[in-house]
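Read off the chains here:
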Amino acid sequence: MSGQRILIVDDDPWILRMVSTLLEKKGFVIGTAGDGEEALRRAEQMKPDLIITDVMMPRLDGWGLVRTLRSRADLAFIPVIFLTALGGDEDRIKGFRLGADDYLPKPFR
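I will try to describe carefully the structure that is included in this document. One numbering rule holds for all chains: residues counted from 1, following each sequence as written. Selection of residues for local features in this predicted model requires a pLDDT of at least 70, selection of side-chain atom pairs for listing and counting requires 80 or more, and totals for whole chains, interfaces and linings are taken over all residues. Processing note: side-chain calculations cover all non-hydrogen atoms of the structure and skip hydrogens and water entirely.

What to know about the side chain of Thr 53
Consideration 1: Starting at the N terminus, helices and strands are each numbered in turn, a helix being any DSSP run of H or I of at least four residues and a strand any DSSP run of E of at least two. Considering the arrangement of structural elements, one finds Thr 53 in strand 3 (residues 50-53).
Consideration 2: Contact definition: two residues touch when any of their heavy atoms are within 4.5 Å. Excluding anything up to four places from it in sequence, Thr 53 contacts Val 9, Gly 62, Leu 65, Val 80, Ile 81, Phe 82 and Leu 83.

Encoded structure:
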């Protein structure tokens, strides 16, 4: 797994730091973004192997991020995991319908 690129997207600096540190210790190359618009720019630059994103963020939320990723041929096949406080069944269903590959509620272990 070493060297694979993961883009982590969250407007909470603590979550970004915690998830980044955990995955860097496992050998992953980490990029971060504070919202969906920044994430799109970073995804174009780094071509991540995986994106882990929150839903509730300023400017472009996680729903919009995944919708945009799936509409672009150059980014459509990047796997996406939602990591979010929205843990209801309706939110999970919406995430999967938009094209998420997995959906993990916060807090997580």
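Here's the deal with helix 2 (residues 36-46)
Consideration 1: Type-normalised accessible area, obtained with a 1.4 Å probe on protein chains alone, sets the label of each residue: buried when under 20%, exposed when over 50%, and partly exposed for intermediate values. Three or more residues of helix 2 are buried, namely Gly 36, Ala 39, Leu 40, Ala 43 and Met 46. With its buried residues spanning 150° around the axis, helix 2 presents them on a single face.
Consideration 2: Of the surrounding secondary structure, the elements contacted by the buried residues of helix 2 are strand 1 (5-9), strand 2 (29-33), strand 3 and helix 3 (62-71).
Consideration 3: In this structure Asp 35 caps helix 2, since a side-chain oxygen of it lies 2.9 Å from the backbone nitrogen of Glu 37. It is the directions from the helix axis to the C-beta atoms whose arc is reported. Each polar contact in these results corresponds to two N or O atoms within 3.5 Å; when the atoms are within protein, one needs to be able to donate a hydrogen and the other to accept it, and residues that are neighboring in sequence are counted only if both atoms are side-chain atoms.

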